[in-house]
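Architecture and fold: a report
Okay, here's what each chain looks like letter by letter:
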Amino acid sequence: MSTGGTGGPRNTGSRTGKGSAPTAAPAAALTARQLVGLLVDPDGFRGWDEPPAGPPADTDYRAALDRARARTGLDEAVLTGVGLIDGRPVALVASEFGFLGGSIGVATAERITRAVERATAERLPLLALPVSGGTRMQEGSAAFLCMLRITAAVQAHRAAGLPYLTYLRNPTMGGVFASWGTLGHLVFAEPDARLGFLGPRVYEELRGVELPPDVQRAETLAERGLVDAVVPPQELRELVRRTLAVLAAAPPPPSPSPLPSPSTDTAPSTVTVTTTDTATAPAPADAWDSVLRTRRPDRPGTRELLRHTAEELVLLDAPGGRGGALVRALAVLGGRPVLVVGQQRRTPEHERPFTAADLRAVRRTARLAEQLGLPLVTVVDTAGAELSADAERDGIAVEIAYCLTTLLALRTPVLAVLLGQGSGGGALALLPADRVIAAGHAWLAPLPPEGASAIVHRDGAHAPELARSQGIGAGHLAEVGLVDEVVPELPDAAEEPAAFCARLGRAVGTALGALAATPEARRLAERAVRHRRLGDPR
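Because the structure is a prediction, the values reported are computed rather than measured.

Attention now goes to the packing of helix α1 (residues 32-39) against helix α8 (residues 233-247). Contact geometry of α1 with α8 gives a least axis separation of 8 Å together with a crossing angle of 45°. By the angle class used here, α1 and α8 are oblique. When the axes of α1 and α8 are compared, the crossing they make is right-handed. For the pair α1 and α8, contact is made by L35, L38 and L39 and by P233, Q234, L236 and R237, respectively. Split into classes, the residues belonging to the contact of α1 with α8 amount to five nonpolar, one polar and one charged.

Take a look at the structure:
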């Protein structure tokens, strides 16, 4: 009789490369108590567990439970309680793989559910540390249905506005993976952990073929935007500490000057041009010159902007990893906790097409911002969405449309930063916002000027002329209602990256403060009016 739920073998080591044999790695064998010990302050854990109900009638199952208790020193496959992480109380749910493969029986599920409910009642952030083969087969459907019990408690915790983080260990399979294990606001994972719906042994039995070895690796899921960070257990404490520090950051007092009320007439709105003590607002930039400047390889991008401006920063994984076109982060900007999703500009060494998977990750991040009640900051700097047969099959245009509707409907404040290149639908997808700040040389166009020239003149030689005539520069975008503030480049962000990022960071902080001071109903009404008028002269 199987003790686990999906027949997934435990990989007790890490891989040296794709498809290679596992090698020894002590971190993979951490018990629940050892992992909790890595996470909490010295003497900082207090258990919540009560003894489970009486023994089962089945003698074989009862004997298996007795052996598991003797082997692990635990009375069930999960350990729960509250621990201090850098002095901050955090509710913990830690599975024990040595206890019947970490499988979930009715008593296990009840213990997890009570811990989640207690964390909600005490207004604690919750960190779940699952490692499990899934449902406990000895208890069958009754245990299987308990995944709903746990999930309902997790959903109530999330609905209460409380952080729920998960760290998927090796292996996390079956019903655990398909329910409470992957419902974290942020989902972290152990390196090389096997994570999946169906274990390879069961897959082979049911399908008659072997499951490809890399399909269920943590790193594969991170590359697809399904896991937010892959970190070894020894680094998890610091990641959780920084994450909770951002989420718990107390914002400064609301700005006394909320956004101006929307009007129903056609009077032009004001556009702010940020200046410094030593510089006045520069003359509007030549559009073609701006296009060339934004293509400079040394121009600061989203990552550089965050490094210069964030008071706290937790970079999250995104499709394509560090070499991809998307940057996701939790950050404190202008004293306020925010979620950031931005495009990372390409370099001569790295072509970074903006993909359908990136767009899905944008939507996931936007929904996360709404769930956590955080503002969303989008950063636009792209030469365009991916152009390929694969992109068409992956629904790139449909994902752009979904991105637009997601951001337009988001109830949390949205601030967009037009940082550099803004080419096509890939740029437009991140621009629905309550307020837009643009760098002095930033631009937005339906196509790169060379592409527009090819359509209009059947060659690319007229690109400078098209750039100047299409109104693509930051100043012209302000005139038609997209840009609310232009942050000058003196003369070029690439030549003064630190100073430019500091100016832009101050503008972002001020805008976030104004959005925070605006009541939600009024802000959403302003957003509707704003997008109704986009394209009309101010």
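A word on helix α3 (residues 106-121). With 16 residues, α3 extends 22 Å from end C-alpha to end C-alpha; this agrees with the ideal 22 Å at 1.5 Å per step. In the stretch just after α3, R123 is the one whose phi turns positive, near 60°.

Spatially, the seven strands line up as an open sheet ordered β3-β4-β5-β6-β7-β9-β11, and their pairing is mixed. If you trace the sheet from one side to the other, it starts and ends with β3 (45-47) and β11 (229-230), each paired once. The pairing of strand β5 (residues 88-95) with strand β6 (residues 126-129) spans four bridges and is parallel. Each bridged residue has a counterpart across the sheet, and for L92 the counterpart in β6 is L127. Across the sheet, α8 touches β4 (78-85), β5, β6, β7 (164-168), β9 (186-189) and β11, and the angle it forms with β7 is around 165°.

Rules used in this analysis
Residue positions are given per chain, counting from 1 as you read along its sequence in written order. Owing to the predicted nature of the model, reporting of local features is limited to residues with pLDDT of at least 70; listing and counting of side-chain atom pairs is limited to 80 or more, with chain, interface and lining totals taken over all residues. Only hydrogens and water are removed before side-chain values are computed, so all heavy atoms of the structure are retained for them. To obtain each axis, a line is fitted to C-alpha atoms, and for helices this fit is confined to the stretch in contact; angles are then taken between N-to-C directions over 0 to 180 degrees. Counting from the N terminus, the helices are the DSSP runs of H or I reaching at least four residues and the strands are the DSSP runs of E reaching at least two. Throughout this description, any angle smaller than 35 degrees is read as roughly parallel, any larger than 145 degrees as roughly antiparallel, any in the 65 to 115 degree range as roughly perpendicular, and the remainder as oblique. Should the near helix be turned anticlockwise from the far one by less than a right angle, the crossing is termed left-handed; should it be turned clockwise, right-handed. Contacts: residue pairs with any heavy atoms within 4.5 Å of one another. Each residue is assigned to one of three groups, with Ala, Val, Leu, Ile, Met, Phe, Trp, Tyr, Cys and Pro labelled nonpolar, Asp, Glu, Lys and Arg labelled charged, and all others, Gly among them, labelled polar. A helix is expected to span 1.5 Å for every residue after the first. Should DSSP find at least two bridges between two strands, the strands are taken to pair.

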